[in-house]
Amino acid sequence: MILRVLILAAIIPAVWLMKKVYDADRLEKEPMGYLYSLVFFGSLSTLAAMVTEQLGMSALEELFPGGGFLCDVILYYIVVGLSEEGFKYLVLKWKTWRSPNFNCQFDGVVYAVFISLGFALWENIGYVLNFGFGVAVVRAVTAVPGHACFGVFMGFWYGIAKRFALIGDRGASKTARSLAVAVPVLLHGTYDFIASTTQTIFSLIFVAFVGLMFWVATKTVKKASENDVYLS
């Protein structure tokens with residue numbers, strides 16, 4: 001019974017956020033089976049990220065035995081941020097770029113968020129099973145929505161990249177694809193860097209950063225939904 005409650009506590013926030021983004025898909029809803037597959041492969045990307053993060057952390061221990069500021073920057077922005085967002089993007093590109101379902105610009109947001117929340121779902125289950133219900137409550141209002149926000153910004157630029165690609169502007173498409181990775185990596189790295197600092201002032205900065213990121217992501221979803229167009 002307790003195990004069931006813990007698993008539900010880990011799953012519900014991600015499912016709720018998926019529904020919000022799915023409902024915002026105004027022009028043409030995506031097939032549910034296809035979205036479930038993105039969640040599945042998003043969760044598998046967690047395993048790949050775990051391997052690269054372990055290798056990266058081992059390398060940092062050798063290079064920076066005493067830790068320090070530079071070590072933390074490399075850890076949170078490259079080892080963690082780039083690993084996690086990079087593997088999410090690889091799944092996104094692999095599973096959706098040539099899909100006939102990808103026929104609206106907002107689809108990029110839907111796909112990226114579902115993959116990101118698949119990642120967060122698996123990660124969250126692991127945290128909750130290891131550390132209990134209290135962790136589920138904290139992650140429900142921070143880490144899970146955080147992954148959703150990273151997915152929103154990834155998908156926003158990814159949808160733009162697809163539109164540029166279809167009209168033959170390869171340079172603009174490549175720039176947009178680069179931003180689809182760079183923006184989430186920078187946000188993810190900043191999120192983890194601030195969260196890792198124990199000073200009280202950084203706790204206040206973290207709350208402000210998370211609140212601002214959630215607000216901008218919400219506005220981005222709304223604007224992208226309202227301005228959605230069919231791709232041709």
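Our subject is the structure that appears above.
Here the structure is a predicted model, which is why all the values come from computation and not from measurement.

Take the nonpolar core next. With 52 residues, the main nonpolar core has Leu92, Phe114, Leu117, Tyr191 and Met213 as its most contacted residues. For this core, the elements supplying multiple residues, two or more each, are helix H1 (2-24), helix H2 (32-63), helix H3 (69-96), helix H4 (107-131), helix H6 (143-166), helix H7 (170-196) and helix H8 (200-226). Of all the elements, H6 adds the most residues to this core, at eleven residues. Not counting residues within four places of it along the chain, the set of residues in contact with Met213 comprises Gly146, Cys149, Phe150, Phe153, Leu187 and Tyr191. Judged by nonpolar contacts, the second largest core, of seven residues, contains Leu60, Tyr76, Val79 and Val80.

The next point concerns a nonpolar patch on the surface. Together, Phe40, Leu44, Leu47, Met50 and Trp122 make up a nonpolar patch on the protein surface, roughly 500 Å² of accessible area in all. Of all the elements, H2 adds the most residues to the nonpolar patch, at four residues. A relative accessible area of 46% places Phe40 in the partly exposed class.

Here the largest pocket is characterised by a volume of approximately 840 Å³. Along the walls of the largest pocket sit 31 residues, with Glu53, Glu84, Glu123, Tyr127 and Arg139 positioned nearest its centre. It is H4 that contributes the most residues to the lining of the largest pocket, eight residues altogether. When grouped by side-chain class, the residues that make up the lining of the largest pocket number 18 nonpolar, eight polar and five charged. Here the second largest pocket is characterised by a volume of approximately 350 Å³. Considering the residues around the second largest pocket, the lining is formed by 14 residues, among which Leu17, Lys20, Phe214, Thr218 and Val221 are closest to the centre.

On to the pattern of salt bridges, then. By the definition in use, this model includes four salt bridges. Close ionic contact of Lys19 with Asp23 constitutes a salt bridge, the shortest N to O distance being 2.8 Å. Taken together, the positions of Lys19 and Asp23, both in helix H1 and four residues apart, correspond to about one turn of that helix. Asp23 sits in the partly exposed class, given a relative accessible area of 41%. Of the charged contacts in the structure, one is a salt bridge between Glu85 and Lys88, with a shortest N-O distance of 3.0 Å. Placement of both Glu85 and Lys88 in helix H3 is noted, with a separation of three residues, approximately one turn of the helix. In this structure, Glu85 and Lys88 share a single accessibility class: buried.

Let's shift gears to H8. In a regular helix each residue adds 1.5 Å, so 27 residues correspond to 39 Å; H8 covers 40 Å between its end C-alpha atoms and thus fits that length. All buried positions along H8 are accounted for by Phe206, Phe209, Val210, Met213, Ala217, Thr220, Val221, Ala224 and Ser225. Those residues of H8 that are buried are in contact with H1, H6 and H7.

Cut-offs applied
Residues numbered from 1 in each chain as written. Predicted model: local features only at pLDDT ≥ 70, side-chain atom pairs only at ≥ 80, totals over all residues. Heavy atoms only, no water. Core = buried A, V, L, I, M, F, W, Y, C linked by side-chain atoms within 4.5 Å. Buried < 20%, exposed > 50% of the residue type's maximum accessible area, 1.4 Å probe, protein only. Helix = DSSP H or I, 4+ residues; strand = E, 2+ residues; numbered from the N terminus. Contact = heavy atoms within 4.5 Å. Patch = residues over 30% accessible without salt bridge, like charges linked within 9 Å, V, L, I, M, F, W, Y side chains within 5 Å. Areas by Shrake-Rupley, 256 points an atom, 1.4 Å probe, with all protein chains shown as cover. Salt bridge = Lys/Arg side-chain N within 4 Å of Asp/Glu carboxyl O. 1 Å grid on protein atoms, 1.4 Å probe; cavity = no way out; pocket = protein on both sides within 12 Å on 5 of 7 lines; lining within 4 Å. Points joined across faces, edges and corners; volume = space filled by probe spheres on them. Nonpolar A, V, L, I, M, F, W, Y, C, P; charged D, E, K, R; others polar. Expected span 1.5 Å × (residues − 1).

Any functional reading would require information that these geometric values do not contain.
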